[in-house]
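Residue strings, one per chain:
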Amino acid sequence: MATSAQRKPIRWHIGVLLAPAILIYTVIMLLPVFDSLRMSLYGKGPDGAPMFVGLANYTTLLTDSYWQGPFWNALWNNVVFFIIHMLVQNPIGILLAALLSLGKLPGREFYRTALFLPTMLSFVIVGFVWKLILSPAWGVSKTLLGSVGLGSWFAPWLGQPDTALITLALISVWQFIGLPMMLIYAAMIAIPDELMEAASCDGVTGINQFFKIKLPLIWPSIGVVSILTFVGNFNAFDLIYVSQGALAGPNFSTDILGTLLYRTFFGNQLQSGDPFMGATIAGAMFLIILCGVCVYLYGVQRRLAYYQM
Amino acid sequence: MKRALTMSAAVVAVCASWAPMAQAASTLVIESWRADDLAIWQDKIIPAFEKAHPDIKVTFAPTAPKEYNAALNAKLESGTAGDIVTCRPFDASLEQFTKGRLAPLNDLPGMNNFSAAAKLAWSTDDGKTTFCVPMASVLHGFIYNKEAFDKLGLKEPKTEDELFAALDKIKKDGTYVPMAMGTADQWEAATTGYQNIGPNYWKGEEGRNAVIQGSQKLSEGGWVETLRTLAKWGPYLGDGYKAQSYADSQNIFTLGRAAIYPGGSWEISGFNAQATFKMGAFPPPVRKVGDTCYISDHPDIAVGMNTKTKNPEAAKKFLTWVTTSDFAKIYANALPGFFSLQTAPVAVDDPLAQTFVGWRNGCKSTIRSTYQILSRGAKPNLEDATWGASANVINGTETPEKAAERLQAALANWYKPQQK
């Protein structure tokens with residue numbers, strides 16, 4: 001009895017303060033995720049009631065001739081979507097951040113806000129606006145190209161199987177360029193001026209300053225941006241759905257995992273939804289993202305060098 | 001996810017049914033996807049019914065078309081759906097009936113005002129039980145700009161050769177886009193292309209029933225010929241038609257930029273409001289002079305009774321009223337282009353709608369080929385596959401033969417009569 005009185009009092013306030021966040025997160029995030037994973041292990045029984053089928057749905061998804069085609073197509077399109085983001089969005093984001101963090105840039109605040117603005121817009125607006133800009137019937141892009149003598153370059157990019165996905169990826173890049181820019185800009189302005197001055201004294205100037213001093217210091221931020229891009233891209237759905245519809249035309253050339261999931265889960269026109277196969281695709285997406293994040297955490301993040309400044 | 005969906009649907013249903021619950025006992029709530037018609041129901045249809053039945057109050061509570069099937073399903077499952085349910089044609093409603101959520105209506109007075117064909121879309125496969133009162137059907141065809149035709153000295157084409165000759169002439173002149181249609185939404189290519197001209201090729205009901213019985217394949221005869229003709233449409237559509245959406249096509253036509261619009265009677269009220277020029281319509285041209293013409297006369301909308309309604313008597317009174325000519329007259333004239341399915345002819349005032357409905361006299365009616373039975377397979381669903389095939393063929397990314405074979409494979413994959 002005497003010992004228990006000497007024990008540190010239980011710090012209730014920690015639990016109480018954490019409870020709302022944990023509760024809400026569990027109810028609206030964790031439970032649905034696990035319920036969805038559980039559902040992917042069920043199928044429609046002979047009497048129409050749900051029946052436990054183990055991993056049969058996943059086998060169907062990967063081996064059935066009518067499921068594997070759309071699945072691999074969607075996965076490949078997703079990979080292309082991600083590669084375009086990594087090759088275009090992130091380098092340009094770094095470049096913009098580097099320009100913004102230059103000492104004497106007039107109108108810096110204006111550019112910073114203007115470049116970040118599309119990120120705050122709804123997908124619906126972005127999809128609709130770009131569809132209008134690129135529309136062959138009313139769009140301004142044809143006129144604009146024509147005014148510089150490049151009218152013949154215009155094509156209905158969103159309607160051609162070989163250009164639609166790239167066009168949509170670039171629209172998404174346009175929308176989200178603000179995120180890498182901001183994160184990397186924040187890392188760059190955290191670099192103390194003394195460090196740059198010291199570098200200058202040692203003869204590291206100009207472009208070398210960026211590659212030899214700044215870049216090593218912002219690698220962790222670039223890592224975070226990459227993993228955010230990865231998760232965001234493999235969960236993407238809205239932009240494709242808004243601009244191309246649930247069938248992700250033309251001829252499924254813009255079909256990514258998100259649209260495949262939607263079409264399977266909720267159905268389309270005369271096709272009724274299949275919640276079990278839908279949950280299976282959701283499960284596959286979850287695993288893909290989980291693997292990607294693990295590869296990053298164990299393969300990349302541990303090797304990054306962190307500097308105390 | 002399913003739970004969340006059910007819950008949100010329940011919340012919507014509670015909100016929707018709260019208001020009438022506070023009122024008199026015999027109150028009816030109508031579930032519908034026709035949010036566009038809210039004003040017509042509130043200002044014309046409901047007052048007319050309430051005048052005849054002062055003891056019954058009716059509320060029209062529509063959901064967005066895209067969400068209707070899923071929301072209705074959830075509401076019926078949780079017992080919160082309205083008393084009267086607007087029925088989609090064929091399998092969506094049949095499923096609700098087999099689950100016991102829609103009441104059989106064979107004994108409803110007034111059901112003999114409809115022919116068996118009109119009731120087809122809301123009857124069991126054996127045709128013995130009907131579970132919704134048919135309201136309206138839509139007709140497919142071509143709408144054209146009369147001013148453009150007059151200017152270029154064109155006449156309504158009667159045969160396919162005449163249609164292509166007219167298209168060539170419009171293209172050569174260059175003032176107008178010959179035909180306003182895009183392939184971006186895919187729905188257009190299938191519905192206003194394939195299902196529009198197809199009946200002349202597969203001989204309407206004859207071909208459709210043959211596929212259902214398994215004696216014709218989607219990869220042979222008229223079925224593949226339809227796709228071969230569609231493949232010739234591409235050059236007559238506007239620049240960049242591959243990225244042109246359904247709404248773009250409608251606007252291109254109503255702005256007077258295009259001469260011909262392949263579509264259907266459901267466009268009439270919208271086009272009347274938008275277009276400033278005179279319009280005419282011609283049925284899908286036949287292949288040779290003297291051929292029988294077939295038109296897609298598609299049952300689109302009906303109403304049924306929720307088995308869990310608290311006011312079955314009032315609901316039956318309402319449904320009986322829908323079978324009368326009083327209702328048909330109001331509905332057909334408030335929504336020109338949505339034609340009554342009653343056997344007794346209903347006078348329609350709109351001239352364009354009159355043209356459309358007139359084709360029923362000379363041509364044989366059929367329905368969209370994919371809607372009954374054939375689209376019950378999930379992967380790939382025949383309707384979805386038809387959208388893709390029609391769009392690909394017009395875009396030139398798939399040959400008609402390959403597309404037709406793909407459709408046949410999609411059907412034979414699950415449909416027993418086609419596996420022989």
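Residues numbered from 1 in each chain as written. Chains lettered and ligands numbered in written order. Predicted model: local features only at pLDDT ≥ 70, side-chain atom pairs only at ≥ 80, totals over all residues.

Caption draft 1: Region of interest: the overall build of chain B. The number of helices and strands found in chain B is 17 helices and ten strands. In summary, chain B has a C-alpha radius of gyration of 22 Å against a globular reference of 22 Å for 420 residues, a match within 12%. For the C-alpha atoms alone, the extent of chain B along its principal axes is close to 65 × 50 × 40 Å. The 420 residues of chain B split such that 52% are buried. Taking as baseline every contact in chain B between residues at least 6 positions apart, the subset at least 24 positions apart corresponds to 78%. (Helix = DSSP H or I, 4+ residues; strand = E, 2+ residues; numbered from the N terminus. Rg over C-alpha atoms; globule rule 2.2 N^0.38 Å. Buried ≥ 20, exposed ≤ 12 C-beta atoms within 10 Å, placed from the backbone. Contact = placed C-beta atoms within 7 Å.)

Caption draft 2: Quick peek at the overall build of chain A. Across its full length, chain A carries 14 helices and four strands. The C-alpha atoms of chain A give 25 Å as radius of gyration, which overshoots the globular expectation for 309 residues (19 Å, by more than 25%). Taking the principal axes of its C-alpha atoms as reference, chain A extends roughly 90 × 80 × 30 Å. Residues classed as buried in chain A amount to 32% of the 309 residues present. Sequence-distant contacts in chain A: of pairs separated by 6 or more residues, those separated by 24 or more amount to 67%.

Caption draft 3: Structural context of the nonpolar core. With 158 residues, the main nonpolar core has Met179, Ala258, Val303 and Phe318 of chain B as its most contacted residues. Per element, the largest residue contribution to this core is eight residues, and it comes from strand β4 (residues 133–145) of chain B. Viewed by domain, this core spans two of them, domain 1 (2–134 + 300–346) and domain 2 (139–297 + 368–418) of chain B, each represented by three or more residues. Residue contacts for Val303 of chain B: discarding those within four places in its chain leaves Ile84, Val85, Thr86, Cys87, Cys132, Val133, Met135, Leu319 and Val322 of chain B. Core analysis: the second largest hydrophobic core is formed by twelve residues, Ala97, Ile184, Ala187 and Ile218 of chain A among them. (Core = buried A, V, L, I, M, F, W, Y, C linked by C-beta atoms within 7 Å. Domains from an automatic or database assignment.)

Caption draft 4: Spotlight on unusual backbone geometry. Here the bond from Gly249 of chain A into Pro250 of chain A is cis, since omega is -10°, no more than 30 degrees from zero. Residue placement: Pro250 of chain A occurs in the loop between α12 (238–244) and α13 (257–266). Not every positive phi belongs to a glycine, and Gln186 of chain B is a case in point at roughly 65°. As for its position among the elements, Gln186 of chain B is in the loop between β5 (177–179) and α8 (187–202).

Caption draft 5: Layout of the interface of chain A and chain B. Taken together, the contact between chain A and chain B spans 26 residues of the former and 33 residues of the latter. Its residues assigned to classes, the side of chain A that touches chain B shows 15 nonpolar, ten polar and one charged. (Nonpolar A, V, L, I, M, F, W, Y, C, P; charged D, E, K, R; others polar.)

Caption draft 6: Just the domain arrangement of chain B, in detail. Residues and elements named next belong to chain B. The domain boundaries assigned to chain B delineate domain 1 (2–134 + 300–346) and domain 2 (139–297 + 368–418). Distance from the C-alpha centre of domain 1 to the C-alpha centre of domain 2: 31 Å. In this complex, domain 1 contributes eight residues to the contact, which on the side of domain 2 involves ten residues. Of the residues that constitute the side of domain 1 that touches domain 2, the class distribution is six nonpolar, one polar and one charged.

Caption draft 7: Spotlight on the packing of helix α3 (residues 56–63) of chain A against helix α14 (residues 275–300) of chain A. Residues and elements named next belong to chain A. The geometry of α3 relative to α14 is characterised by a closest axis approach of 10 Å and an angle of 75° between their N-to-C directions. When the axis of α3 is compared with that of α14, the two are roughly perpendicular. Only Phe276, Met277, Thr280, Ile281 and Ala284 of α14 make contact with α3, whose side of the interface consists of Asn57, Tyr58 and Leu61. Along the lines of polarity and charge, the residues of the contact of α3 with α14 split into six nonpolar, two polar and no charged. (Axes fitted to C-alpha atoms, helices over the stretch in contact; angles between N-to-C directions. Parallel < 35°, antiparallel > 145°, perpendicular 65-115°, else oblique.)

Caption draft 8: Layout of helix α2 (residues 38–52) of chain B. Residues and elements named next belong to chain B. With 15 residues, α2 ought to run about 21 Å at 1.5 Å a step, and its terminal C-alpha atoms sit 20 Å apart, in line with that. The sharpest bend along α2 measures roughly 35° and falls at Ile46, with the proline Pro47 sitting one to four residues further on. Those residues of α2 that fall on the buried side of the exposure criterion are Trp41, Ile45 and Phe49. (Expected span 1.5 Å × (residues − 1). Bend = angle between axes of the 7 residues up to and from the residue.)

Caption draft 9: Quick peek at the pairing of strand β6 (residues 258–264) of chain B. Residues and elements named next belong to chain B. Most of β6 is tucked away, with seven of its seven residues classed as buried. Relative to β6, β5 runs parallel, the two sharing two bridges. Note on β6: the bridge partner recorded for Met179 is Ile260. (Pairing = 2+ DSSP bridges.)

Caption draft 10: Layout of the environment of Gly267 of chain A. Residues and elements named next belong to chain A. One can find Gly267 in strand β3 (residues 267–268). Residue classification places Gly267 among the buried positions, given that 21 C-beta atoms sit within 10 Å. Sequence separation between Gly267 and Asp193 is 74 residues, and the spatial gap between their C-alpha atoms is 57 Å.

Caption draft 11: Representation of the packing of helix α2 (residues 12–39) of chain A against α14 of chain A within the structure. All names here are of chain A. Between α2 and α14, whose axes approach to 7 Å, the crossing angle comes to 120°. The orientation of α2 with respect to α14, classified from their angle, is oblique. Where α2 crosses over α14, the handedness of that crossing is left-handed. Here α2 contributes Ser36, Leu37 and Met39 to the contact with α14, which in turn contributes Pro275, Phe276, Ala279, Ala282, Gly283 and Phe286. Looking at the contact of α2 with α14, its residues break down into seven nonpolar, two polar and no charged. (Left-handed = near helix turned anticlockwise from the far one by under 90°.)

Caption draft 12: Focus on the environment of Thr309 of chain B. As for its position among the elements, Thr309 of chain B is in the loop between β8 (294–305) and α13 (312–322). Setting aside its immediate chain neighbours within four residues, Thr309 of chain B contacts Asp83 and Ala315 of chain B.

Caption draft 13: Expanded view of the confidence of the model for chain B. Residues and elements named next belong to chain B. Summarising the model, chain B shows a mean pLDDT of 89, and 93% of its residues fall at 70 or more. The low-confidence segment residues 11–24, where pLDDT is below 50, has 16 contacts with residues more than four positions distant or belonging to other chains. What the predictor reports for the complex is a pTM of 0.83 with an ipTM of 0.79. (pLDDT = per-residue confidence, 0-100.)

Caption draft 14: Representation of the pairing of β4 of chain B. Residue and element names in this part refer to chain B. Summarising burial for β4: 13 of the 13 residues are buried, a large majority. Of the pairings in the sheet, the one linking β4 to strand β9 (residues 339–340) comprises two bridges and is antiparallel in character. Each bridged residue has a counterpart across the sheet, and for Ser137 the counterpart in β9 is Phe339. Inspection of the sheet shows β4 paired to β6 by five bridges, in the antiparallel sense. In the sheet register, His140 faces β6, and the bridge partner there is Gly264. Pairing analysis gives four bridges linking β4 to strand β7 (residues 279–282), with the strands arranged antiparallel. For Phe142, the partnering residue across the bridge sits in β7 and is Phe282.

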